[in-house]
Amino acid sequence: MAPIVRIENVVKEYPLGNLVVRALQGVDLSIDRGEFTTIAGPSGSGKTTLLNLIGCVDVPTSGVVEIDGDSTSKLHDKELTRLRLHKIGFIFQSFNLVSVLDLFQNVEFPLLLQGGLTKKERELRVRDMVDKVGLTPQLRQRPNELSGGQRQRVAIARALVTKPKLVLADEPTANLDSVTGLAIIELMREMNAKESTTFIFSTHDPKVMEHASRIVHIVDGRIHSDERTDFLSSPLAETGGRAEAQAAP
Amino acid sequence: MNTVYFEIAARNLLQSKRRTFLLGLALALVTMLLVMLLALSQGLTETMIRSATTLSAGHINVAGFYKANANDAAPMVTNVDAIRKIVEENTPGLDYVVDRHRGWARVVSESSSTQAGLTGIDIRSEPRFGQTIQLALESDYKEGGRAEVVGRLEDLEQPDSVLIFAAQAKRLEVGVGDALTVIIETLNGARNTTDVTVVAVAKDLGMMSNWSMFLPKQTILDMYRLKSDTTGAVMVYLKDIEESEKVMGTLREVFVDRGYVLMDHDPQPFWMKFERVSGEDWLGQKLDLTIWRDEVSFLEFVFTAVNTVSFFLLGILLVIIVVGIMNSMYMSVRERTREVGTIRAIGMPKYGVLGMFMLEAVVLGIVATTVGGLMGAAFSAAIDAWAPPVPVEAVQAILMSDRLHLAVRPGQIITAIVAFSLVTMLASLWPALKAAKMQPVDAIHSAG
Ligand SMILES: Nc1ncnc2c1ncn2[C@@H]1O[C@H](COP(=O)(O)OP(=O)(O)OP(=O)(O)O)[C@@H](O)[C@H]1O
Ligand SMILES: [Mg+2]
């Protein structure tokens, strides 16, 4: 099967006054289905830029970004939106839940955008997902009544409820303390194993990096190294036990 | 798409309570004001129609001028029975027909005098006249008068009797039972003087009642030395006053067919046509058909004035409302930049964002304007029930009533609600477009 993400000689430039900032200067990268990849690198290295391109919220200045076979630079806003809705889930650094909606409604939201499910079906899907992230008791609470870790779990549930092929997370643990952060990564890992969803997340925390099956280092907008971690080289086979042990608080 | 959008809209509105409340209040008040102004305008129209169709006009009037010589004109029609018959047989939606005589006189009392338009009326054939005209308490027009009605409308059947209005009674310093001298000029230019007795004093009906007096038909015929087959105007009342204009057209054709000579339609009261007709170069009889509105067209300025004031008032308020809505929406869009970025990233299309923000404005608009519209209707109804006396006489004259009348029409409430909801929606369009145009990338990473 073709890789879920294929990036070829991608350059991304941002205008900055009269100057041009080259955030990515020729990146090649291919990510297979089911991988649990982290994009690592120092601040300003281009992690967010790269994830934005993969997430179809932005298009490259030159080069090719292909998501599940579709080249994003050929698509219009409308098609990019559809692509995001149906194939990609997002987890954000600062959770980004809709503050006026409760937990259930936040998770249900992408399903409503997609349409096609009955109320019953949606409810089942949402409850199942919320159960998986361990927040059933908080089902009717609003985001501001939840802790940071809980909010990020809601975000994970929201990202996964549509069963996307690809989930992107830009520094999902940056706003969490280290214990909670690790639990979130474990939860993602568990979902990666159970649903065989492809995950790509960025971080500059070495402890978090460790949990990835593949670490892509970028420095100054270029890929510096790309390694598959030894003991996690077979992502789908390994995860189960370890992830579950930590995910249950 | 789904109730969740309404929920988002409603909850966002509740989230910023203060802003929503102030904006909603403003919207409600403006809608209320609009409904009340419409009710006032409607009330004026109704009062005017009532006064006009009681005092001086039928829904349609078949009147005309008779010219005995080249430089004179009398406001009368001959052969009244034939004309009545044609009207009765050819008027669609006819309710009833009456005819009244017209005249112009100087009326003199012991202490004072005044000019008045005379109307010759057969009180028995006009039951509706008795329902609209209310007799005044004696104390209303006479110092030390009794707080009761003296005199009877039915006495207008008696020869040489007269019904006058309270303001005239005050001016002439007369009451029921007193005598007045009526001085007129006959068709051939002779002066004629008749003594009449006041048999009833009616409550004022605004401006027009200042110069109207009612006498028995026969008294007028005698004064002018006219044959009994002449009259001033055949007044046609329809079941539906809205049909007046159309039916007038029909009647014009009928009269032309029967060989009558008609004047061109001139939307003015008959007494404003005297001078022109007097100078015209023809002799004999011409018919002049008008509708009630023509006979009170000189009062049109009242509506123009009320509408102009309302228009400016509402215009200014509207601008304030629009600015308020836009401002508050821009604030809301700015505050929710990150939320917009997030839901756009998750897969909401641009028009979804547009709709989401506009829905919020529309929900606020509909709720606030409905509340305002109903409040306006309730206040108007309450004011109408209370019928506050109008203290200033000049205003009374313009309003054609000594009481304020407001009439609420459901259609007008709905119009007001729909109009202001639309305004709210349109005002929210720009901020909503701004939100829809935000790029998800920029939006997600914004602070807040
Ligand atoms: N919208 C923008 N306009 C101008 N320059 C930008 C923009 N976004 C990013 N950049 C620049 O591009 C480079 C890469 O930024 P990016 O946000 O991708 O880095 P990052 O690796 O995510 O950093 P961090 O770890 O701080 O989040 C930086 O030099 C940044 O200043
Ligand atoms: Mg970043």
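Fair warning: this is a prediction, and the values are worked out from it, not measured in the lab.

Asker: What is the right way to read the sheet that holds strand β6 (residues 88-91) of chain A from this model?
Answerer: Across a sheet, strands are paired by hydrogen bonds formed along the backbone, either parallel or antiparallel in direction. Residues and elements named next belong to chain A. One open sheet holds the 6 strands; their spatial order is β6-β7-β8-β3-β9-β10, and the pairing between them is mixed. In the strand order of this sheet, the two ends are held by β6 and β10 (222-228), each with one partner. Each adjacent strand pair in this sheet contributes to an overall mean axis angle of 15°, direction not counted. Here strand β3 (residues 36-40) pairs with strand β9 (residues 214-219) via 4 bridges, running parallel. Bridge pairing links T37 to R214 in β9. Contacts between helix α5 (residues 148-160) and the sheet are confined to β6, β7 (166-170) and β8 (198-203), with β6 contributing the most and set at about 170° to the helix. Relative to β8, helix α6 (residues 178-195) is tilted by about 160°, and along the sheet it contacts β3, β6, β7 and β8.

Asker: Honestly, the packing of aromatic side chains in this entry has me stumped. Any pointers?
Answerer: Each aromatic ring pair is specified by the distance between its two centres and by the angle formed by the two planes. Taken as a whole, this structure holds 14 aromatic pairs over all chains when the rule is applied. Between F109 of chain A and Y5 of chain B, the aromatic rings sit 6.3 Å apart at their centres with planes inclined by 50°, giving tilted as the arrangement. Here F109 of chain A is found in helix α3 (residues 103-114), whereas its partner Y5 of chain B is found in helix α1 (residues 3-15) on a different chain. Take Y5 of chain B: its relative accessible area is 8%, and that puts it in the buried class.

Asker: Teacher, can you tell me more about the pairing of β7 of chain A here?
Answerer: Side-chain direction in a regular strand flips from residue to residue, so the side chains alternate between the two faces of the sheet. Residue and element names in this part refer to chain A. Counted residue by residue, β7 has 5 buried out of 5 residues, so it is predominantly covered. Because side chains alternate across β7, one face comprises the buried residues L166, L168 and D170, and the other comprises V167 and A169, equally buried. Sheet analysis places β6 next to β7, joined by 4 bridges and oriented parallel. Paired with G89 across the two strands is V167, which belongs to β7. Inspection of the sheet shows β7 paired to β8 by 5 bridges, in the parallel sense. Its bridge partner lying in β8, D170 is registered against S202. Handedness of the crossover joining β7 and β8 through α6 is recorded here as right-handed.

Asker: What's the story with the nonpolar core in this structure? I'm lost.
Answerer: Taken as a class, soluble globular proteins show a tendency for nonpolar side chains to be buried jointly. Membership of the largest hydrophobic core comes to 47 residues, with the highest contact counts inside it found for L101, F109 and L113 of chain A together with M348, V353 and F357 of chain B. Breaking this core down by element, the ones donating at least two residues are α3 of chain A together with α1, α2 (17-55), α11 (300-335), α12 (337-346), α13 (350-386) and α15 (410-437) of chain B. With 10 residues, the single largest contributor to this core is α13 of chain B. F109 of chain A has contacts with L101 of chain A together with V4, I8, I343 and M348 of chain B, leaving out every residue within four places of it along the chain. By size, the runner-up hydrophobic cluster in this structure holds 37 residues, among which are I91, I156, L187 and M209 of chain A.

Asker: In this structure, what is going on with helix α4 (residues 119-132) of chain A? I would like to understand it.
Answerer: The periodicity of an α-helix, 3.6 residues per turn, causes residues three or four places apart in sequence to face the same way. Residues and elements named next belong to chain A. An ideal rise of 1.5 Å per residue puts 20 Å on 14 residues; α4 measures up with 20 Å between its terminal C-alpha atoms. Close packing links the buried residues of α4 with α3, α5 and α6. Where α4 ends, the next residue or the one after it, G134, has phi of about 75°, a positive value.

Asker: Explanation requested: the site of ligand 1 in the structure shown.
Answerer: Residues and elements named next belong to chain A. Residues in close proximity to ligand 1 total 14 residues, the closest being S43, G44, K47, T48 and T49. Measuring from an oxygen atom of ligand 1, one finds a side-chain N or O atom of S43 at 2.5 Å. The side chain of E171 places a nitrogen or oxygen atom 3.3 Å from an oxygen atom of ligand 1. The fraction of the free accessible surface of ligand 1 (620 Å²) that becomes covered by protein chains is 65%. Considering every element that reaches the shell around ligand 1, the biggest residue donor is helix α1 (residues 47-54), with 3 residues. Of the residues that constitute the shell around ligand 1, the class distribution is 5 nonpolar, 7 polar and 2 charged.

Asker: How do you make sense of the packing of α5 of chain A against α6 of chain A when you look at a structure like this?
Answerer: In a pair of packed helices, the angle between the axes and the distance between the axes together describe the arrangement. Residue and element names in this part refer to chain A. Running from amino to carboxyl end, α5 crosses α6 at an angle of 20°, the nearest separation of the two axes being 10 Å. The orientation of α5 relative to α6 falls into the category roughly parallel. Every pair of crossing elements has a handedness; the one defined by α5 and α6 is right-handed. Along its contact with α5, which presents G149, Q152, R153, I156 and L160, the element α6 presents T180, A183, I184, L187, M188 and M191. Among the residues making up the contact of α5 with α6, the classes are represented as 7 nonpolar, 3 polar and 1 charged.

Asker: Explain the interface of chain A and chain B to me, please; I cannot follow it from the model alone.
Answerer: Every contact between the two is made by 26 residues of chain A and, on the other side, 24 residues of chain B. Between chain A and chain B the total buried area reaches about 2,300 Å² when both faces are included, carbon and sulfur atoms providing 61% of it. Among the residues chain A hides against chain B, the three largest losses belong to V100, F109 and L113 of chain A. Together they make up 23% of the total. Linking chain A to chain B there are 1 salt bridge. Run the count over chain A and chain B and you get 10 residue pairs in polar contact (both at pLDDT 80 or more). Put simply, the parts of the chain that give the side of chain A that touches chain B at least two residues each are α1, α2 (77-87) and α3 of chain A. For the side of chain A that touches chain B, the element with the most residues is α3 of chain A, which contributes 5 residues.

Asker: Got a minute to help me understand the confidence of the model for chain B in this structure?
Answerer: Do not read the fine detail of predicted coordinates wherever pLDDT is low. All names here are of chain B. For chain B, per-residue confidence averages 89 on the pLDDT scale, and 96% of positions sit at 70 or higher. At the level of individual helices and strands, chain B shows its lowest average pLDDT in helix α14 (residues 393-399), which scores 67, and its highest in helix α8 (residues 244-257), which scores 96. We note a pTM of 0.77 for the whole complex and an ipTM of 0.88 for its interfaces.

Cut-offs used in this document
Residues numbered from 1 in each chain as written. Chains lettered and ligands numbered in written order. Predicted model: local features only at pLDDT ≥ 70, side-chain atom pairs only at ≥ 80, totals over all residues. Heavy atoms only, no water. Pairing = 2+ DSSP bridges. Helix = DSSP H or I, 4+ residues; strand = E, 2+ residues; numbered from the N terminus. Axes fitted to C-alpha atoms, helices over the stretch in contact; angles between N-to-C directions. Contact = heavy atoms within 4.5 Å. Phe/Tyr/Trp six-rings, centres within 6.5 Å; stacked < 30°, edge-to-face > 60°. Buried < 20%, exposed > 50% of the residue type's maximum accessible area, 1.4 Å probe, protein only. Right-handed = clockwise from strand over helix to strand, strands pointing away. Core = buried A, V, L, I, M, F, W, Y, C linked by side-chain atoms within 4.5 Å. Expected span 1.5 Å × (residues − 1). Near = heavy atom within 4 Å. Polar contact = N/O pair within 3.5 Å; in protein donor to acceptor, adjacent residues only side chain to side chain. Areas by Shrake-Rupley, 256 points an atom, 1.4 Å probe, with all protein chains shown as cover. Nonpolar A, V, L, I, M, F, W, Y, C, P; charged D, E, K, R; others polar. Parallel < 35°, antiparallel > 145°, perpendicular 65-115°, else oblique. Left-handed = near helix turned anticlockwise from the far one by under 90°. Buried area = accessible area lost by both parts, 1.4 Å probe. Salt bridge = Lys/Arg side-chain N within 4 Å of Asp/Glu carboxyl O. pLDDT = per-residue confidence, 0-100.

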